[in-house]
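For reference, the chains in residue letters:
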Amino acid sequence: MFSQVTSALIRAILVALLVATPSLLLPDTGTDTAQLVVVLAILASFMTFIEYYGQYPSIVEFRFAPPFNRIKFIGLASTVFLLTVILRGAHDPTGWSLFLTQLGDGLGRAIDFPYSPVRLVVLMMPPDADAALIASVRTAAGLSYTISIVMIFVFITAVRMFGWPLRNGAFNVWVNLPLFDPTGGGDVLYRLKRDAGLNIVLGSLLPFLIPAAIKAAADLIDPISIANPQTLIWTMTAWAFLPASMLMRGVAMSRIAEMIEDKRKRAYARAEAEALHSA
């Protein structure tokens, strides 16, 4: 019990620090913004503590199949922290912030080719945006998109080379997929494959669709100014992380479907062998 409480508390503190990182490190954070961030950090940490303190999950998928959620959290935290350091360096430059800025700028320029996600993010900026803001957006987009690609690659490596999730022992589908209803109708294997394909397709397309949707909506509504450092951080983080998270979920569900299919084949082969033996 003590170990479970400690583990849930540590996770809650880490989530709270993640939410509060931009407000803690960026200069000139407004009072209203700081108060809102405190409320969001407390709410996120409370929900995380309740989720991991309970014996069974309610929302978080693959909770008992590490390192799925750990890879996602490390990728998300790295994106938020590095972008915060880069934008803080614009007002208080250090050697570390200058290095990250040059790294992000190089990654952004490398990925900024025609029809690439980074190019679409740059093109969604208003025509009157100054060169410094466009460069900042390109840097943030390049760094966040690279981190998302690395996050996906690490998880695929864990699946294909290290046998995730079987290397952690027995895998319970219903506990690790609390939002998946096994009685929803139809074959479970078919539904897992369908959901896996849908997540992979959406995860691949969203980095292209989100900038296009924002550009189209700019003609109808007044978009939130991305010139604000915190808005830029969370916008670029969400743009890169959410599609990568969906891709990881699709790969994970495809792996689970593959495990169920293999188990069914072994069960059918065993039944046929027993039938032949009895005959």
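Nothing here was measured: the structure is a model prediction, and the numbers come from that model. Counting restarts for each chain, with residues numbered from 1 along the sequence as it is written. Per-residue local features of the predicted model are confined to residues with pLDDT of at least 70, and side-chain atom pairs are confined, for both listing and counting, to 80 or more; whole-chain, interface and lining totals are unaffected and use all residues. The basis for the side-chain values is all heavy atoms of the structure; hydrogens and waters are excluded.

A. Representation of the overall build of the protein in the model. If you tally the helices and strands in the protein, you get nine helices and zero strands. In the protein, the order of α-helices and β-strands from amino to carboxyl end is α-α-α-α-α-α-α-α-α. Dimensions of the protein along its principal axes, counting C-alpha atoms only, are 80 × 50 × 40 Å. Evaluated residue by residue, the protein yields a buried proportion of 39% over its 279 residues. Sequence-distant contacts in the protein: of pairs separated by 6 or more residues, those separated by 24 or more amount to 77%. Accessibility throughout is a Shrake-Rupley quantity obtained with a 1.4 Å probe, and a residue counts as covered only by protein chains that appear here. A total accessible area of about 15800 Å² is found for the protein, and carbon and sulfur atoms account for 68% of it. The convention is simple: Lys and Arg are positive, Asp and Glu are negative, and His and the chain ends are not counted. Charge placement uses NZ in Lys and CZ in Arg. For Asp and Glu, CG and CD serve respectively. Computed over 21 positive and 19 negative side-chain charges, the separation of the two mean positions in the protein equals 10 Å. Each helix is a run of H or I in the DSSP string that is no shorter than four residues. Each strand is a run of E no shorter than two, and both are numbered from the N terminus. Burial status follows relative accessibility: with a 1.4 Å probe on protein chains alone, a residue under 20% of its type maximum counts as buried, one over 50% as exposed, and anything between as partly exposed. Only heavy atoms enter the contact rule, under which two residues are in contact if any of them lie within 4.5 Å.

B. Layout of the side chain of aspartate 112. For aspartate 112, the location among the structural elements is in the loop between helix H4 (95-111) and helix H5 (117-123). Here a polar contact is recorded for every N or O atom pair within 3.5 Å, except that within protein the pair must consist of a potential hydrogen donor and a potential acceptor, and residues adjacent in sequence are included only if both atoms are side-chain atoms. Engagement of the side chain of aspartate 112 in a polar contact is seen with the side chain of arginine 119, the distance being 2.5 Å. For aspartate 112, the contacting residues outside a window of four places in its chain are Val118, Arg119 and Arg138.

C. Looking closely at the environment of glutamine 35. Its location among the elements puts glutamine 35 in helix H2 (residues 31-53). Sequence separation between glutamine 35 and serine 23 is 12 residues, and the spatial gap between their C-alpha atoms is 9.9 Å.

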